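Single-letter residue listing:
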Amino acid sequence: LIAPERMSADEQQRVTKERDSEARAALLRAAALAPDDPDVLWLVASQCGGGGECLAVQQALLAAEPANAAVWLREMGWARMRGDPAASQTAFQHAAAASGYDTHRSATDAMMRHGYAEVPMPAVCLHPDVPKAAALWRSQTGMPAPVGELGVLDHALGLANMNKMMAVPAYIDIRQQCGPTTDHPMLPEKYAACRRVMTWMADGETLIELAVSLDAMVRLTADAPDAAQWRERYRQNRWLVQQQSDIAFHALLRPEDYADGEVPALQAMLEAVDRWPPPADWLPEDEDSRSLILTGRPPAEKKRN
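Owing to the predicted nature of the structure, the values given are computational and were not obtained by experimental measurement.

Parameters at a glance
Residues numbered from 1 in each chain as written. Predicted model: local features only at pLDDT ≥ 70, side-chain atom pairs only at ≥ 80, totals over all residues. Heavy atoms only, no water. Helix = DSSP H or I, 4+ residues; strand = E, 2+ residues; numbered from the N terminus. Buried < 20%, exposed > 50% of the residue type's maximum accessible area, 1.4 Å probe, protein only. Contact = heavy atoms within 4.5 Å. Areas by Shrake-Rupley, 256 points an atom, 1.4 Å probe, with all protein chains shown as cover. Salt bridge = Lys/Arg side-chain N within 4 Å of Asp/Glu carboxyl O. Expected span 1.5 Å × (residues − 1). Core = buried A, V, L, I, M, F, W, Y, C linked by side-chain atoms within 4.5 Å. Phe/Tyr/Trp six-rings, centres within 6.5 Å; stacked < 30°, edge-to-face > 60°. Disulfide = S-S within 2.5 Å. Arc of directions from axis to C-beta. Polar contact = N/O pair within 3.5 Å; in protein donor to acceptor, adjacent residues only side chain to side chain. Axes fitted to C-alpha atoms, helices over the stretch in contact; angles between N-to-C directions. Left-handed = near helix turned anticlockwise from the far one by under 90°.

Caption draft 1: The overall build of the protein chain, seen in detail. For the protein chain, the helix and strand inventory stands at 15 helices and zero strands. For the protein chain, buried positions account for 39% of its 305 residues. Intrachain contacts of the protein chain at a sequence separation of at least 6 include 65% that bridge at least 24 residues. With an accessible surface of roughly 17300 Å², the protein chain has 56% of that area assigned to carbon and sulfur atoms.

See below:
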């Protein structure tokens, strides 16, 4: 095998396309083999991409979980990419009318455990130079040593975690739907729908879900009776994001710790070292976040129009 850095740009592009094609074919094969498994449909639909075959899987997922707000939030993005704003609006209405919110967060981990739990470490990884190279890399990057000895399953779960983060939608569509403005007050029906969807998301398991939903809820509830509750949850999430940026922080977690979700894993680790919840008087440094926490609104000169 040729190392990627030794390939020409054209060769790298060719290899990337081949791998993407193989991955897409494998995903579609999985959907064909398990057409009634919502976990499989979710994974395939969220990572398949575009094209008729992928659209068919997306529609199968919507049919399989019509009461799951998370799949309708996905459909909002898919509809935008198809150039179908009416379908995106319909998806928003379905999300607001849903009775649950399930992103199948543990599905990938479960499949990785099933497939890799008994796979031995490849002989090349047992070469005595491997730990030496890893130690040199850690000394150059500042990355702490892992907790315990890692195996094939740990590596597979680590890749699964990265893929999960890459597969998370940007939530741009729901943000556009539910971003309150000063010029156009939100109608009561839409206000209720946005509160419902954002509340579902605020119970999610990723930092991006909480960042989007809590920001929106602070703005939506600025004058509501429960404003203080949402501002505090937003403050806690800002603390979590700040702590998460510490490289040493991640050395305390193994890949399987993320099986129940990114946020629960980070909170549990922080609690174990007396860093959760955040100090009662802590506020983030950036002006926008501080203002949202203290007033429920952005700074006056930065209010969104």
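Still to come is the rest of the account.
Caption draft 2: Quick look at the pattern of salt bridges. For the structure shown, the criterion picks out eleven salt bridges. The salt bridge partner of R82 is E75, with a shortest N-O separation of 2.9 Å. A relative accessible area of 36% places R82 in the partly exposed class. Judged by relative accessible area, which is 4%, E75 ranks as buried. Sharing partners across several salt bridges, the network here consists of E11, R14 and E18.

Caption draft 3: Examining helix α5 (residues 85-97) more closely. Over its 13 residues, α5 extends 19 Å from the first C-alpha to the last, a length consistent with the 18 Å expected when each residue adds 1.5 Å. Summarising the contacts, the buried residues of α5 are in contact with α4 (69-82), α9 (172-178) and α10 (188-202).

Caption draft 4: Molecular detail of the nonpolar core. Among the nonpolar cores identified, the biggest contains 61 residues, and L73, F92, I174, V197, M198 and M201 are the most heavily contacted of them. Looking at this core element by element, the count peaks at eight residues for helix α11 (residues 207-220). In this structure, M201 is in contact with L73, Y101, Y171, I174, E209, L210, V212 and S213, ignoring residues within four places of it in sequence.

Caption draft 5: Expanded view of the packing of aromatic side chains. In total, this model carries one aromatic pair according to the counting rule given. Considering the side-chain rings of W239 and W282, the 5.2 Å spacing of their centres and the 75 degrees angle between planes classify their relative orientation as edge-to-face. Pair noted here: W239 is in helix α12 (residues 227-244) and W282 is in the loop between α14 (262-272) and α15 (287-295), with a separation of 43 residues, a long-range link. Just as W239 is buried, W282 falls in that class too.

Caption draft 6: Local environment of the state of the cysteines. By the definition in use, this model includes two disulfides. Two residues share a disulfide in this structure: C48 and C54, whose sulfurs sit 1.9 Å from each other. Between C48 and C54 the sulfur-sulfur dihedral comes to about -65 degrees; the bridge is accordingly left-handed. When its relative accessible area of 0% is taken as the criterion, C54 is described as buried. There is a disulfide in this structure between C178 and C194, and the S-S distance comes to 2.1 Å. Judged by the sign of its S-S torsion, about -85 degrees, the bond between C178 and C194 is left-handed.

Caption draft 7: Spotlight on α14. The complete set of buried residues in α14 reads E262, V263, A265, L266, M269 and L270. Burial along α14 is one-sided: seen end-on, the buried residues are contained in an arc of 165 degrees. Projecting away from the buried face of α14 at angles above 90 degrees are the exposed residues E271 and A272. Count one or two residues on from α14 and you reach D274, which has phi positive near 60 degrees.

Caption draft 8: Highlighting the side chain of S46. Structurally, S46 is set in helix α2 (residues 38-47). For S46, a relative accessible area of 16% translates into the label buried. There is a polar contact of 2.6 Å between the side chain of S46 and the backbone oxygen of W42. Of the polar contacts made by the side chain of S46, one reaches the backbone oxygen of L43; its length is 3.4 Å.

Caption draft 9: Main features of the environment of A45. You can see A45 is positioned in helix α2. On the basis of relative accessibility, which here comes to 1%, the residue A45 falls in the buried class. Taking C-alpha positions, A45 is 8.7 Å from L27, a pair spaced 18 residues apart along the chain. Ignoring anything within four residues of it in the chain, the contact list for A45 reads V57, Q58, L61 and W78.

Caption draft 10: Quick look at the environment of M76. Summarising the element assignment, M76 is placed in helix α4. When its relative accessible area of 1% is taken as the criterion, M76 is described as buried. Spatially, the C-alpha atoms of M76 and F92 are 6.7 Å apart, while their sequence positions differ by 16 residues. Once you skip the residues sitting within four places of it in the chain, M76 turns out to touch S88, A91, F92, D173, I174 and Q177.

Caption draft 11: Representation of the packing of α11 against α12. In contact at an axis separation of 9 Å, α11 and α12 are set at 150 degrees when each is read in the N-to-C sense. Between α11 and α12 lies a crossing of left-handed hand. Only W230, R231, R233, Y234, N237, L240, V241 and Q244 of α12 make contact with α11, whose side of the interface consists of L207, L210, A211, L214, D215, M217 and V218.

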